[in-house]
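Below, each chain spelled out in residue letters.
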Amino acid sequence: MTPIDPCPIADRQVCLATRDLSRAVLRRLCATAAGIEPRIKTIIATQTDGPGEYALWRLHGDDGRLLLQFDLLQKPGAAWGPLIGDVSFLARLANLRTHPPGYFYVHPLPDARDIAIPLPSNPRGLAPRTIGPLQ
């Protein structure tokens with residue numbers, strides 16, 4: 001099911017291209033997170049002092065339990081670098097002022113500096129249905 005695009009007709013192709021790019025970044029984010037810790041299902045990040053830069057704050061499992069909380073005053077290890085880069089890039093792509101939460105796979109939290117990125121088990125979307133019986 002394709003979500004309803006809130007963009008004016010003139011901007012619709014740009015929004016769809018940005019959504020496709022966001023989906024690709026989300027796929028890479030899922031693969032990177034699974035390589036570090038397969039139980040990660042939600043990433044909570046907070047905006048840092050730099051414009052458009054985010055820091056990992058909390059990682060949650062599929063049952064909602066906290067897996068790891070980062071100290072925002074210290075940089076995480078080098079293994080987390082690619083994950084932080086993808087989170088920041090995805091957050092910059094998401095225009096949360098004009099699009100509904102989740103349209104670009106990013107959800108705002110009550111504090112305007114914080115975002116949540118739920119990692120789907122299949123970020124490519126639903127598997128296509130077969131039209132007829134398999135032969």
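Residues numbered from 1 in each chain as written. Predicted model: local features only at pLDDT ≥ 70, side-chain atom pairs only at ≥ 80, totals over all residues. Heavy atoms only, no water.

S.K.: Please provide a residue-by-residue account of the nonpolar core, values included.
M.R.: Counting residues in each nonpolar core, the largest one holds 28 residues, and the members touching the most others are L26, L29, I43, V87, I117 and L119. For this core, the element with the highest residue contribution is helix 1 (residues 12-36), accounting for six residues. (Core = buried A, V, L, I, M, F, W, Y, C linked by side-chain atoms within 4.5 Å. Buried < 20%, exposed > 50% of the residue type's maximum accessible area, 1.4 Å probe, protein only. Helix = DSSP H or I, 4+ residues; strand = E, 2+ residues; numbered from the N terminus.)

S.K.: So what's going on with the confidence of the model for the protein? Which residues, and what values?
M.R.: Averaged over every residue, the pLDDT of the protein is 81; residues scoring 70 or more account for 84%. Scored below 50 in pLDDT, residues 125-135 makes zero contacts in the model with residues more than four places away or belonging to other chains. (pLDDT = per-residue confidence, 0-100. Contact = heavy atoms within 4.5 Å.)

S.K.: Any chance you could break down the pairing of strand 2 (residues 54-60) for me, citing the residues and the numbers?
M.R.: With five of its seven residues buried, strand 2 lies for the most part within the structure. What sits between strand 1 (residues 42-47) and strand 2 in their antiparallel hairpin is a turn of six residues, with G52 showing a positive phi close to 75°. Alignment of strand 2 against strand 3 (residues 66-69), held across three bridges, turns out to be antiparallel. Bridge assignment links H60 to a residue of strand 3, and that residue is L66. Here strand 2 hands over to strand 3 after five residues, with G64 in that stretch at a positive phi of 90°. (Pairing = 2+ DSSP bridges.)

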